[in-house]
Amino acid sequence: MVLDPISTLTHKNPYTFRFSEFRRKKLRPKSLIPPISASLYKDIWTRDEAARSRHQRKHQRVSVEMEDLLKSVSKTTNEQELYAMLSPFKQRPLSFGFMVSFLSREPDWQRSLALLDWIHEEASYKPSVLAYNLVLRSVLRAKQWVVARGLFDEMRQRDLTPDRYTYSMLITHLGREGMFDSALALLLTMEEDRVAADLVLYTNLIHLCSRMCDYDKAISFFSRLKESGIRPDLSVYNTMINVFGKAKLYCQAALLLREMKENGVTPDRVSYSTLLSAFVANRKLVEAMSVFADMNDAECELDLATCNTMIHVFGQLGKIKEADGLFWSMRSRGVEPNLATYNTMLRAYGDAELFGEAIHLFQLMQKQGIEQNVATYNNMIKMYGSRRTCDHEEAENLVEMMQMKGIEPNSITLSTIVSMWAKAGKLDDVALLIQKLISSGVEIDELLYQTMVVAYTKAGLVEHAKRLLRELKRGADNNIPMEIDVRVLARAGQIEEATWAFQRALNTGEVRDISMSMFRCMLELYSKNKMHINVIEVFEKMLHAPGGLVPDSSTLALVLDSYGDLRQFEKADAIYREMQERGCDFSNEVHFQMLSLYGLKGDFNAVASLFENLDSNLNMMNKKELRLLVSSIYERANRTNEKSSRAS
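All values reported here derive from a predicted model rather than from experimental measurement. (Residues numbered from 1 in each chain as written. Predicted model: local features only at pLDDT ≥ 70, side-chain atom pairs only at ≥ 80, totals over all residues. Heavy atoms only, no water.)

1. Structural notes on the overall build of the chain
Summing up its helical and strand segments, the chain has 34 helices and zero strands in all. When each of the 648 residues of the chain is scored for burial, the buried share is 48%. Restricting to contacts in the chain with at least 6 residues of sequence separation, those with at least 24 account for 63%. Accessible area of the chain: about 32900 Å², with a carbon and sulfur share of 50%. (Helix = DSSP H or I, 4+ residues; strand = E, 2+ residues; numbered from the N terminus. Buried < 20%, exposed > 50% of the residue type's maximum accessible area, 1.4 Å probe, protein only. Contact = heavy atoms within 4.5 Å. Areas by Shrake-Rupley, 256 points an atom, 1.4 Å probe, with all protein chains shown as cover.)

2. Notes on unusual backbone geometry
Even without being a glycine, Lys 143 presents a positive backbone phi close to 60°. Along the chain, the position of Lys 143 falls in the loop between helix H6 (129-141) and helix H7 (145-157). Here the phi dihedral of Glu 299 falls at roughly 55°; this positive angle occurs in a residue that is not glycine. Tracing the sequence through the fold places Glu 299 in the loop between helix H15 (285-297) and helix H16 (304-316). Residue Glu 299 is classed as exposed on the basis of its relative accessible area, which comes to 72%.

3. Re the packing of aromatic side chains
Within this structure, the stated rule accounts for eight aromatic pairs. Taking the centre distance of 4.8 Å and the plane angle of 80° together, the rings of Phe 327 and Trp 328 count as edge-to-face. Residue Trp 328 is classed as partly exposed on the basis of its relative accessible area of 42%. Cluster of aromatic residues (ring-pair linked, three or more members): Phe 327, Trp 328 and Tyr 342. (Phe/Tyr/Trp six-rings, centres within 6.5 Å; stacked < 30°, edge-to-face > 60°.)

4. Considerations on the side chain of Gln 372
Mapped onto the elements, Gln 372 comes out in the loop between helix H19 (355-367) and helix H20 (374-386). With a relative accessible area of 10%, Gln 372 lands in the buried category. Side-chain polar atoms of Gln 372 contact the backbone oxygen of Phe 362, separated by 3.3 Å. In this structure the side chain of Gln 372 is engaged in a polar contact, spanning 3.4 Å, whose partner is the side chain of Tyr 377. For Gln 372, the contacting residues outside a window of four places in its chain are Leu 339, Phe 362, Met 365, Gln 366, Tyr 377, Lys 405 and Ile 407. (Polar contact = N/O pair within 3.5 Å; in protein donor to acceptor, adjacent residues only side chain to side chain.)

5. Description of the environment of Trp 109
By the secondary structure assignment, Trp 109 is in helix H5 (residues 109-122). By relative accessible area, which is 9% here, Trp 109 ends up buried. Taking the C-alpha atoms as reference, Trp 109 lies 8.5 Å from Leu 136; in sequence the two are 27 residues apart.

6. Comments concerning the nonpolar core
Core analysis: the biggest nonpolar cluster contains 126 residues, and Trp 118, Leu 151, Ile 171, Met 240 and Met 345 have the highest contact counts within it. Of all the elements, H6 adds the most residues to this core, at eight residues. Non-local contacts of Ile 171, meaning those with residues more than four positions away in its chain, are made with Ala 183, Leu 186, Leu 187, Leu 201, Leu 205 and Leu 208. In this structure, Val 486, Ala 490, Leu 523 and Leu 597 belong to the second largest nonpolar core, which totals 45 residues. (Core = buried A, V, L, I, M, F, W, Y, C linked by side-chain atoms within 4.5 Å.)

7. Digging into the environment of Phe 279
Mapped onto the elements, Phe 279 comes out in helix H14 (residues 269-281). Between the C-alpha atom of Phe 279 and that of Tyr 250, which follows or precedes it by 29 residues, the distance is 7.5 Å.

8. Here's the deal with the pattern of salt bridges
Per the stated rule, a full pass over the model turns up eleven salt bridges. Here Arg 158 ties to Glu 154 by a salt bridge, and the two come within 3.4 Å at their closest N and O atoms. Its relative accessible area of 9% is what places Arg 158 among the buried residues. For Asp 303, the salt bridge goes to Arg 269, with nearest N and O atoms at 4.0 Å. Highlighted residues: Asp 303 in the loop between H15 and H16 and Arg 269 in helix H14, separated in sequence by 34 residues. Look at Asp 303 and you get partly exposed, because its relative accessible area is 22%. (Salt bridge = Lys/Arg side-chain N within 4 Å of Asp/Glu carboxyl O.)

9. Quick notes on helix H13 (residues 250-262)
Under the 1.5 Å per step criterion, the end-to-end length of H13 is 19 Å for 13 residues, consistent within 8% with the ideal 18 Å. Regarding H13, the residues found buried are Tyr 250, Cys 251, Ala 253, Leu 256, Leu 257, Glu 259 and Met 260. Turning to H13, the residues buried within the fold contact helix H11 (215-227), helix H12 (234-246) and H14. After H13 finishes, the residue Gly 264 shows a positive phi value of roughly 75°. (Expected span 1.5 Å × (residues − 1).)

10. Focus: the packing of helix H18 (residues 339-351) against H19
Packing of H18 against H19 brings their axes to within 8 Å, and their N-to-C directions diverge by 160°. If you check the angle between H18 and H19, you find them roughly antiparallel. The crossing of H18 and H19 is left-handed. Contacts from Leu 339, Tyr 342, Met 345, Leu 346, Tyr 349 and Gly 350 of H18 reach H19 at Phe 355, Glu 357, Ala 358, Leu 361, Phe 362 and Met 365. Taken together, the residues of the contact of H18 with H19 sort by class into ten nonpolar, one polar and one charged. (Axes fitted to C-alpha atoms, helices over the stretch in contact; angles between N-to-C directions. Parallel < 35°, antiparallel > 145°, perpendicular 65-115°, else oblique. Left-handed = near helix turned anticlockwise from the far one by under 90°. Nonpolar A, V, L, I, M, F, W, Y, C, P; charged D, E, K, R; others polar.)

11. Examining the packing of helix H9 (residues 180-192) against helix H10 (residues 199-211)
Direction vectors running N to C along H9 and H10 enclose 145°, while the axes themselves pass 11 Å from each other. For H9 against H10, the interelement crossing comes out left-handed. Here H9 contributes Phe 180, Ala 183, Leu 184, Leu 187 and Met 190 to the contact with H10, which in turn contributes Leu 201, Leu 205, Leu 208 and Arg 211. Residue classes in the contact of H9 with H10 are distributed as eight nonpolar, no polar and one charged.

12. Here's the deal with the confidence of the model for the chain
Per-residue pLDDT for the chain averages 76, and the proportion of residues at 70 or more is 74%. Low pLDDT, under 50, characterises residues 1-62; the predicted model gives this stretch 126 contacts beyond four residues in sequence or across chains. (pLDDT = per-residue confidence, 0-100.)

13. Focus: helix H2 (residues 79-86)
When H2 is considered as a whole, its buried residues turn out to be Glu 79, Leu 82, Tyr 83 and Leu 86. Summarising the axial view, the buried residues of H2 lie within an arc of 95°, below the 170-degree limit, and thus occupy one face. Where H2 starts, the residue carrying a side-chain oxygen 3.1 Å from the main-chain nitrogen of Gln 80 turns out to be Asn 78. (Arc of directions from axis to C-beta.)

If you want it as structure tokens, here you go:
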């Protein structure tokens, strides 16, 4: 259980001290420190000023070997033994520098705590922030949060102001343990103490906010770091690239690479790969390709993850030549391909319909003894199914081959086979497979469920599809969620059935936590069939659904398109502004769509206003496309005016 270092001061301390006789008197009245259970009363952070010697004596220094002293101290098992072993040095004290070095090398947190007591109470050394920091470091490493908080309070009671290293250690360790509230509370205390943060502390704060997904605060700390005159280092820049990427502020993330170079900080592999991952995760594949080009220009070493990502990107963009070149050059770049690399390349070949290359690579994997998994076979089976000849026999042979090797087909395998058989008109085989799966008790997931319904529907066997749904319901003991029914029917293009299931899910309350995917499936179904009124109705229900669902950019684009086709420009504008106020992250597509709607309405003041806002927005990536769109809006309006003039 993770303990909060503040709240646990009023609860039982779960930790046991080996120095069991370790006791202290109180430095301040009881009311200043929350009480601890008497059975576990340690008072390890308070001392009686009267018990400490009031005078400092000058003593003759004594020469002692550090290693010998450490060895002797390590043999002590309680406070009395430790004090007895150190008793000769009360009259002939060691230098304070020696004691500080000694503290820094003591690995046991309890022993270092007892040493700190001896230094102050027995040897009468003057309290030091450095000594406290060394003990605090040991205590934090041992995750003794109550003790750490006590040491922090004791420093302040001794009129020692914790320095930036004190705060940095506390905030860092608390943040790592997920105690974010306590860490940020200490930050406020630090500001009250007027302790200036350094690069290390700012770095830790930014990491902390990033882990909390509080990207605004992370960006704020980054700005404060630069305003204080501290130059960010490579670690800070890499962290902020990740923060901007997760906050979907892609332009700022990309600009950091330029800022790094201007400040003499050379971007490394992590810098480029972090930005690359941010673009790919949000389907900004062209931008990802641009980052990879910059990475190559900078002659930055590639790693396996970057290569796999870029093979996927090139494949998705149809740039199979680039994907192929990168794959076959990996070993010469010092990067060894793994199974994911081969599977990604197989999929790219299949999507590009380069069947010969895919078969060659598949056979090469077998010759070289490269382990193949279900994803490998699924790529090959899908490739055979996508060929114009639909070579289902070869696909079936692959299924047998994978089973012989102990690789069990998954839902993707079965879905691909069902689609192939349906395409080849082998509906009897489809029916037999379905019955076999149901009778064998195999759990049929949403993908396979949907593929079966689509197969029957495309063959015109709607009744068969409906019967399948009923059989699946019975076979699963009515445990198939209504939400899956909605998604499957919608993706299968069954408008009436999907509408009925959707209304039932909403009205009967069968779906408690309605997901965005169910609404999106219905929106796509209605939009595809030009049922714009239904699109708007579903959207309004989504906004009022339990849980406060917020549409993403693609969903909002469908809705704006429907408002435009219905010529309801005012409502489109109201929704656009409302979603902005809710903090929705809009893609360029949504902004461009709204510009087009303003143009269709003939509201050129709104066009100019929105264009000005977008053009000045640093996060707007496609400024050239924005200007071309606005130009086309005005040109279309001019042509319309010219036609009207001629007609009159």
